[in-house]
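Residue-level structure breakdown
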Amino acid sequence: MYTEEQLYSIALRKCSLIGDITFYKLVKTFGSAKAVWETSKKELNKTDGIGKKIIADIGNPEHLKFAEKEILFCEKNSVQIKLRHQNEFPDLLNECDDAPAILYQKGNFNSNLKAVSIVGTRNSTPYGKKFIEDFFSETKDCKFQSVSGLALGVDKEVHDFSIQNKIPTVGVLAHGFHTLYPSKNKKLSEKILEENGVLFTEFNSSQKPDRENFIQRNRIVAGLSPSTIVVETAFGGGSISTATFANNYNREVYALPGRITDKYSQGCNQLILQNKATVISTLKDLVDLLGFNQSSSKIEELFSSSEISIQLTENQEAIYKIIKDNPNINLDDLVEKILLSSHKILPIILELELLGKVKSLSGRQFIAI
């Protein structure tokens, strides 16, 4: 059953110059989308920060006609219409200041399950795929749902392995429900719904998978979860934007490190170096950090342990000893104690993280493991 408020919300969001933040401000000021639509422009113009250009398109009958067609499309295709201002969003997404005004949904989102967003490059390697396979194999008995962007590469692997391990999965689209991009994932999208998963999009049925939509989509991927895992990405890859959104939302970010010569590990290594992500050293540590606490089962390490002690370089040993003797030491204090510049210390800390000797915390603080 579709409502009058949904109709006016679609029409209002269709207006030029009215984005999600302006929409939310208007409906909070006047009480509803319908009230905004029916309020005189003179009254609307009194709203702080809302000028004549912004309100000029409000009341346009063409937008109302579009909204009527959109609701008919949703009825025909079993699409639910969720409105943020009516508190119909998943709680974590609703906390985000730039959350969409409207969310179109197929399937059912289980708000009782913890969500974990897992993202990465469309050009995934055997290394990334093996990590995803091992992660879902080890967490198959945990109660959670995965979130990804239903693209090729890492996203597809995330949804596939979720389904194989009977874990509900959430696909976030960068276009309306009138199409499926990439078309290769059409059967996968159907399987997601069959296996108690859900598909979300903020885009109506007139919106194509334009380039800019993918970055916009990534904020929802990040916003739905308390934690985001970046598996593989190059410098400047789309997953960097997802990690950035997650950081801005004060959510946890984890990155899988790799060789510095591997193109699709360089973005992950950079996130770790810049303290924008916690390094993934073992699956056991990752599962503990995610709060799954699988104490009853033994989880194999991502990098298998060895009885052979690791030989550290002189600088590595010096920095490791200071961090070990001063838990939670920050970068500035470390610079004072070691008498090296920060740009020389940070690469050494990354090396120690990759060796499993040190862990970076928020606020550029470090502890020995």
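This write-up is about the structure you can find in this document. Just so it is clear, the model here is predicted, and its values are computed rather than measured.

**Remarks on the side chain of R251**
With respect to the helices, strands and loops of the structure, R251 is situated in the loop between α12 (238-248) and β8 (252-255). Residue classification places R251 among the buried positions, given a relative accessible area of 9%. Look past the residues within four positions of R251 in its chain and what remains in contact with it is L92, E95, C96, A222, G223, L224, S225, P226 and A246.

**With respect to the packing of helix α8 (residues 126-138) against helix α9 (residues 154-164)**
In contact at an axis separation of 10 Å, α8 and α9 are set at 25° when each is read in the N-to-C sense. Comparing the axis directions of α8 and α9 gives the class roughly parallel. Where α8 crosses over α9, the two elements pack in a sense that is right-handed. Here K129, I132, E133 and F136 of α8 lie close against α9, whose contacting residues are V154, E157, V158, F161 and S162. Class assignment of the residues belonging to the contact of α8 with α9 gives a composition of 5 nonpolar, 1 polar and 3 charged.

**Let's talk about the sheet that holds strand β11 (residues 358-361)**
In spatial order, the strands read β10-β12-β11; together these 3 strands make up an open sheet with antiparallel pairing. In the strand order of this sheet, the two ends are held by β10 (329-330) and β11, each with one partner. Sheet topology note: the β10/strand β12 (residues 365-368) ladder contains 2 bridges and is antiparallel. Pairing of I329 across the sheet is with F366, part of β12.

**Details of helix α2 (residues 20-30)**
An α-helical segment advances 3.6 residues per turn. Residues three or four places apart therefore align on the same side. The complete set of buried residues in α2 reads D20, T22, F23, L26 and V27. Summarising the axial view, the buried residues of α2 lie within an arc of 160°, below the 170-degree limit, and thus occupy one face. Residues of α2 that are buried make contact with α1 (4-14), α3 (33-38), α4 (41-44), α5 (52-55) and α11 (211-223). One or two positions beyond α2, positive phi appears at G31, with a value near 100°.

**What about the side chain of S146?**
Inspection of the secondary structure puts S146 in strand β4 (residues 144-148). The class of S146 is buried, set by a relative accessible area of 0%. Within the structure, S146 has its side chain in polar contact with the side chain of S162 (distance 2.7 Å).

**Comments concerning the sheet that holds strand β1 (residues 80-83)**
In spatial order, the strands read β1-β2-β6-β5-β4-β3-β7-β8-β9; together these 9 strands make up an open sheet with mixed pairing. Among the strands making up the open sheet, the edge pair consists of β1 and β9 (278-279). As paired elements, strand β2 (residues 102-107) and strand β6 (residues 198-201) share 4 bridges and run antiparallel to each other. Across the sheet, Q105 pairs through a bridge with F200, a residue of β6. Running over the sheet, α1 touches β1 and β2 and is turned about 75° from β1.

**Description of the nonpolar core**
Residues I10, L12, I18, W37, I58, I81 and Y104 are the most contacted members of the largest nonpolar core, which totals 39 residues. Those elements giving two or more residues to this core turn out to be α1, α2, α3, α5, α6 (61-76), β1, β2 and α10 (186-194). The dominant element in this core, judged by the number of residues it contributes, is α6, at 6 residues. With near-sequence residues (within four places) excluded, I18 lies in contact with L12, R13, F23, L26, I54 and I58. Counting residues in hydrophobic clusters, the runner-up holds 31 residues, among them A99, L103, L271 and L350.

Rules of the game
- Residues numbered from 1 in each chain as written.
- Predicted model: local features only at pLDDT ≥ 70, side-chain atom pairs only at ≥ 80, totals over all residues.
- Heavy atoms only, no water.
- Helix = DSSP H or I, 4+ residues; strand = E, 2+ residues; numbered from the N terminus.
- Buried < 20%, exposed > 50% of the residue type's maximum accessible area, 1.4 Å probe, protein only.
- Contact = heavy atoms within 4.5 Å.
- Axes fitted to C-alpha atoms, helices over the stretch in contact; angles between N-to-C directions.
- Parallel < 35°, antiparallel > 145°, perpendicular 65-115°, else oblique.
- Left-handed = near helix turned anticlockwise from the far one by under 90°.
- Nonpolar A, V, L, I, M, F, W, Y, C, P; charged D, E, K, R; others polar.
- Pairing = 2+ DSSP bridges.
- Arc of directions from axis to C-beta.
- Polar contact = N/O pair within 3.5 Å; in protein donor to acceptor, adjacent residues only side chain to side chain.
- Core = buried A, V, L, I, M, F, W, Y, C linked by side-chain atoms within 4.5 Å.

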